[in-house]
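Listed here are the chains, written in short residue letters.
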Amino acid sequence: MNEFALNLDRYPAYVYDLPGLESHVRGIRDALPGTEVLYAAKANPDAEILRTLAPHVDGVEVSSGGELAHVREILPGKAVAFGGPGKTAGELALSRTLKADRIHVESPNELARLAALGPADVLLRANLPVNVPNAALTMSGPFGMDEDTLDHCARLLAEYPNITLRGVHAHLASGLDAPAMLDLAHRTAEWAIPWLRSRGVDDPELNVGGGMAVDYASPESRFDWRTYGTGLSHIPAKVRIEPGRAMTAYHGWYVTDVLDVKTTRGETYAVLRGGTHHLRTPVTKGHDQPFEVLTANGPGRRATLVGQLCTPKDVFARDVLVPPLAPGDVIAFAMAGAYAWNISHHDFLMHPKPAFHYRRRPDAGGSAARAPVPAP
């Protein structure tokens, strides 16, 4: 990646490693032979990312009408599941026009509005009372329905013969390792499968969502897909998962250069072109983004890597060990393939947007060289 990054025509730039991503998702697929895998587009909806993943996933999970239209345009024949807690009337109508294969229903009101639009296959999203002590996020609050509301929806289905109940969606937590996610999936299945069968669903579908742990402090650590796949195979239902970050995070870099280096009150700051308006991940998660300095070496010294924004929160990595830096040095931030560009506040201060480049296989029509495209 170093040589590729050093030959870009301008900085900042995102670089996506498509062969690495394809190899990674092949490994995930091999570890999950009995489980349906949907890619969560919210992690990174880049068109080339979607095209690379498409042959190796069963479908794509989207969470807005915009994502739905985008995925249908890029991957017209791929199965799509449409979720999200605040679907508008227009988005529900679009889900029928663009033929989303599954709708994850969040409330009785949403179910009624969907029924007025015609036939649909649905999963009811469950908000179950589970304790998940080590989760980075718990998806409680407005997400899904409690048991009483789910029972109410089940009764309403008798009034909506055009709606077919297929199963339950229960993405309850994020940031868990494989044993913790398996425990959560099995606890969910113990409730969901009998509940569905008692309501006439003979071939129940159970979508246990995403949330596989990604450790930014240890980029070489990976989620144990083999253990997870083996454990899911014991659930007596059609099990579906929705990984996003754990698929794409490892295969993107944000590459930029140093504009200035200064010391203020004894602390050294390297000011980089761009900032967290391009790569919001470290601010969002409160961590130091892993990085590599590509053009400098020498004895390490401590510095804080910041961007160009007029806020003290514009920090990539705080008080980290770096070689002596000077203007023009190039730094590549790793693990920038998910929840990076697409969740960032691009227009704050109206700085130029980054370039986008794709590393491809050498046999892919000569496109292993840099391939800049307009920012989305």
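Preceding this paragraph is the structure being described.
Fair warning: this is a prediction, and the values are worked out from it, not measured in the lab. Sequence order as written defines the numbering, with residues in each chain counted from 1. It should be noted that, the model being predicted, local features are given only for residues of pLDDT at least 70 and side-chain atom pairs only at 80 or more, the latter also being counted only at that level, while totals for whole chains, interfaces and linings use all residues. Heavy atoms from the whole structure form the basis of all side-chain values; hydrogens and water molecules are not counted.

Draft legend 1. Layout of the side chain of His346. Counting from the N terminus, the helices are DSSP H or I runs at least four residues long and the strands are E runs at least two residues long. Mapped onto the elements, His346 comes out in the loop between strand E17 (330–333) and strand E18 (355–359). N or O atoms within 3.5 Å of each other form a polar contact, as long as, within protein, one can give a hydrogen and the other can take it, and as long as residues adjacent in sequence are counted only when both atoms are side-chain atoms. A distance of 2.5 Å separates a polar atom in the side chain of His346 from the backbone oxygen of Trp341. If sequence neighbours within four positions are ignored, His346 has contacts with His277, Trp341 and Lys353. Residue contacts are counted whenever heavy atoms from the two residues lie within 4.5 Å of one another.

Draft legend 2. Inspection of the packing of aromatic side chains at higher detail. Any Phe, Tyr or Trp ring, taking Trp's six-membered ring, that has another such ring centre within 6.5 Å forms a pair; planes under 30 degrees apart are called stacked, those over 60 apart edge-to-face, and the others tilted. One pass over the structure, following the stated rule, counts 13 aromatic pairs. On the numbers, 6.5 Å between centres and 65° between planes, the contact of Tyr14 with Trp341 is edge-to-face. Residue Tyr14 is located in strand E1 (residues 13–17), and its partner Trp341 is located in the loop between E17 and E18; the two are separated by 327 residues in the primary sequence. An aromatic cluster is defined as three or more aromatic residues linked by ring pairs; in this entry it consists of Tyr14, Tyr16, Tyr254, Phe291, Phe316, Phe333, Trp341, Phe356 and Tyr358. Whether a charge sits over a ring depends on NZ of Lys or CZ of Arg being within 6 Å of the ring centre and within 35 degrees of the ring normal. Sitting over the ring of Phe82, Lys87 keeps its end group 5.7 Å from the ring centre. The side chain of Arg222 reaches across the aromatic face of Tyr250, ending 3.7 Å from its centre.

Draft legend 3. Expanded view of unusual backbone geometry. Along the chain, Tyr11 connects to Pro12 via a cis peptide bond; the corresponding omega equals -5°. Positionally, Pro12 belongs in the loop between helix H1 (2–6) and E1. Backbone geometry places Lys99, a non-glycine residue, at a positive phi of 55°. With respect to the helices and strands, the residue Lys99 is situated in the loop between helix H5 (89–97) and strand E5 (102–105). The phi angle at Met350 is positive, at roughly 60°, despite the residue not being glycine.

Draft legend 4. Fine view of helix H8 (residues 178–197). The end-to-end C-alpha separation of H8 is 27 Å, in line with the 28 Å expected for 20 residues at 1.5 Å each. Note that the bend at a residue is defined as the angle between axes fitted to the seven residues ending at it and the seven residues starting at it. Residue Ala189 marks the point of greatest curvature in H8, where the axis turns by about 30°. For H8, the complete set of buried residues consists of Ala178, Met181, Leu182, Leu184, Ala185, Thr188, Ala189, Ala192, Ile193, Trp195 and Leu196. Each element contacted by the buried residues of H8 is listed here: strand E6 (120–125), helix H7 (147–156), strand E8 (163–169), strand E9 (173–174), strand E10 (205–207) and helix H9 (225–232). With a side-chain oxygen positioned 3.0 Å from the backbone nitrogen of Ala180, the residue opening H8 is Asp177. By this rule, a helix spans an expected 1.5 Å times one less than how many residues it contains. Only protein chains enter the calculation, and the probe is 1.4 Å; a residue is then buried if its accessible area is under 20% of its type maximum, exposed if over 50%, and partly exposed in between.

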